[in-house]
Amino acid sequence: MPSISIIVAGVKRREIGRAAEAGPDLTRRHADLLVHAALHDQRRSGINRLVRPLVNVLGYRWVQEEIIRYVRTGSEAEKVGATMAWYFARLPVE
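The paragraphs below set out a description of the structure included in this document. (Residues numbered from 1 in each chain as written. Predicted model: local features only at pLDDT ≥ 70, side-chain atom pairs only at ≥ 80, totals over all residues. Heavy atoms only, no water.)

1. Points about the overall build of the protein chain
Part 1 of the argument: The secondary structure content of the protein chain amounts to six helices and zero strands.
Part 2 of the argument: Going from N to C terminus, the protein chain has its helices and strands arranged as α-α-α-α-α-α.
Part 3 of the argument: Taken over the C-alpha trace, the protein chain has a radius of gyration of 13 Å; the compact-globule value for 94 residues is 12 Å, and the two agree within 12%.
Part 4 of the argument: With the principal axes as the frame, the protein chain shows a C-alpha extent of 35 × 30 × 30 Å.
Part 5 of the argument: Split into buried and exposed, the 94 residues of the protein chain put 34% on the buried side.
Part 6 of the argument: A fraction of 68% describes how many contacts in the protein chain between residues 6 or more apart in sequence connect residues 24 or more apart.
Part 7 of the argument: Split by element, the accessible area of the protein chain, about 6,100 Å² in all, is 58% carbon and sulfur. (Helix = DSSP H or I, 4+ residues; strand = E, 2+ residues; numbered from the N terminus. Rg over C-alpha atoms; globule rule 2.2 N^0.38 Å. Buried < 20%, exposed > 50% of the residue type's maximum accessible area, 1.4 Å probe, protein only. Contact = heavy atoms within 4.5 Å. Areas by Shrake-Rupley, 256 points an atom, 1.4 Å probe, with all protein chains shown as cover.)

What follows is the structure in structure tokens.
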């Protein structure tokens, strides 16, 4: 059974993702914070919830450039988060 703090963090993450999807202007204004939060999240579902609205509003290229920047200059934890986020920031294969 997950701890209460993990459950609360998941709820917060979900609500932030919903707000970002519902408000493109908010997503643009807080894009740097959303990227930062996504790359510090070690749960794939949380990363997806934060990266998806960024891609929808700012496009794949912008998100991928931010991820690459973190891979080059970020801390070890940020680099791990960035490589995990890349999966959700790539173009879908059709």
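2. A closer look at the environment of Ala 31
Part 1 of the argument: For Ala 31, the position within the fold is in helix α3 (residues 31–39).
Part 2 of the argument: In this structure, Ala 31 is in contact with Leu 54, Leu 58 and Trp 62, ignoring residues within four places of it in sequence.

3. Details of the packing of α3 against helix α4 (residues 44–58)
Part 1 of the argument: The geometry of α3 relative to α4 is characterised by a closest axis approach of 9 Å and an angle of 150° between their N-to-C directions. The hand of the α3/α4 crossing is left-handed. Residue-level contacts link Ala 31, Leu 34, Val 35, Ala 37 and Ala 38 of α3 to Ile 47, Leu 50, Val 51, Leu 54 and Leu 58 of α4.
Part 2 of the argument: Residues that form the contact of α3 with α4 fall into these classes: 10 nonpolar, no polar and no charged. (Axes fitted to C-alpha atoms, helices over the stretch in contact; angles between N-to-C directions. Left-handed = near helix turned anticlockwise from the far one by under 90°. Nonpolar A, V, L, I, M, F, W, Y, C, P; charged D, E, K, R; others polar.)

4. Here's the deal with the packing of aromatic side chains
Part 1 of the argument: Going through the model one piece at a time under the given rule, you end up with one aromatic pair.
Part 2 of the argument: Between Tyr 87 and Phe 88, the ring centres sit 5.1 Å apart and the planes meet at 90°, which makes this aromatic pair edge-to-face. (Phe/Tyr/Trp six-rings, centres within 6.5 Å; stacked < 30°, edge-to-face > 60°.)

5. Examining the environment of His 36
Part 1 of the argument: Mapped onto the elements, His 36 comes out in helix α3.
Part 2 of the argument: Since its relative accessible area comes to 35%, His 36 is described here as partly exposed.
Part 3 of the argument: Along the sequence, His 36 and Ile 67 sit 31 residues apart, while their C-alpha atoms lie 9.5 Å from each other.
Part 4 of the argument: With residues near it in sequence (within four places) discarded, His 36 still touches Tyr 70 and Glu 78.

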